[in-house]
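Remarks on the overall topology
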Amino acid sequence: MLDIVLVEPEIPPNCGNIARTCAATGSRLHLVEPLGFDVSDRAVKRAGLDYWHLVEVSVYRSLDHLFAVHPEAASDLWLATTKAPRSYSEAAFSPDCWLFFGKETAGLPREFRERHRDRCIRIPMVDEARSLNLANSAAILIYEALRQNGFPGLLDAGEMGNPSVI
């Protein structure tokens, strides 16, 4: 199962869209504080996120707290950053890897990126583009990791794939 980590996310709709992608793919969502929004049950219901119950969401005080709770994350992580030296297409994702994404205005902390320089990957884009939307970036990498592993646990065909359905 993939683990998706948002470090200090700021924009509620991005987190909501990523949570929906996690719900659709069976991925777990990890949020590292501070958050730019409220994820209490009341706030989630008010926002109309009817799929939130399908997502396993955990919140951590810091990156150190996340690694203290999940030391296994350090052995199979990938950091998405526009500053990376190589494309995500060069990464070999395992079925249980951890994908890290930084906050919308600043990305992942420099020290964290430097500590894991060999695990930093980027989505190719033209030089003039600053970055892709966080939710779009997460979706691209989540589905690439799933594709590389044969889309474990996911349906590979919709109702049109069943010849008995008219």
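The paragraphs below set out a description of the structure included in this document. Source: prediction; values computed, not measured. (Residues numbered from 1 in each chain as written. Predicted model: local features only at pLDDT ≥ 70, side-chain atom pairs only at ≥ 80, totals over all residues. Heavy atoms only, no water.)

For the rest of this paragraph, the subject is the pattern of salt bridges. Summed over the entire model, instances satisfying the criterion amount to 6 salt bridges. The residue Glu8 makes a salt bridge to Lys103 at a minimum N-O spacing of 3.2 Å. A residue pair is termed long-range when its members are at least 10 positions apart, and Glu8 in the loop between β1 (3-7) and α1 (12-25) and Lys103 in the loop between β5 (98-101) and α4 (110-115) qualify at 95 residues. Its relative accessible area of 24% is what places Glu8 among the partly exposed residues. Two residues, Arg119 and Asp76, come together in a salt bridge whose shortest N-O distance is 3.3 Å. Here Arg119 is found in the loop between α4 and β6 (120-121), whereas its partner Asp76 is found in the loop between α3 (63-69) and β4 (77-80), with 43 residues between them in sequence. (Salt bridge = Lys/Arg side-chain N within 4 Å of Asp/Glu carboxyl O. Helix = DSSP H or I, 4+ residues; strand = E, 2+ residues; numbered from the N terminus. Buried < 20%, exposed > 50% of the residue type's maximum accessible area, 1.4 Å probe, protein only.)

Applying the stated criterion across every chain, the model contains 5 aromatic pairs. Plain terms: the ring middles of Phe67 and Phe100 are 5.8 Å apart, the flat faces sit at 15° to each other, and that makes the pair stacked. Remark: Phe100 occurs in strand β5 and Phe67 occurs in helix α3; sequence separation between them is 33 residues. The class for Phe100 is buried, based on a relative accessible area of 0%. Aromatic pair Phe67 and Phe112: ring centres 6.1 Å apart, planes at 50°, arrangement tilted. Here the residue Phe67 occupies a position in helix α3, and Phe112 occupies one in helix α4, the gap between them amounting to 45 residues. Residue class for Phe67 comes out buried when judged on its relative accessible area of 15%. Through a chain of ring-to-ring contacts, the aromatic side chains of Phe67, Phe100 and Phe112 assemble into a single cluster. (Phe/Tyr/Trp six-rings, centres within 6.5 Å; stacked < 30°, edge-to-face > 60°.)

What follows concerns the sheet that holds β4. The strand order across the open sheet formed by 6 strands is β3-β2-β1-β5-β4-β6, and the pairing between neighbours is parallel. Because the sheet does not close on itself, it has two edges, and the strands there are β3 (57-60) and β6. Note: β4 against β6, 2 bridges, orientation parallel. Of the residues in β6, the one forming a bridge with Leu79 is Cys120. (Pairing = 2+ DSSP bridges.)

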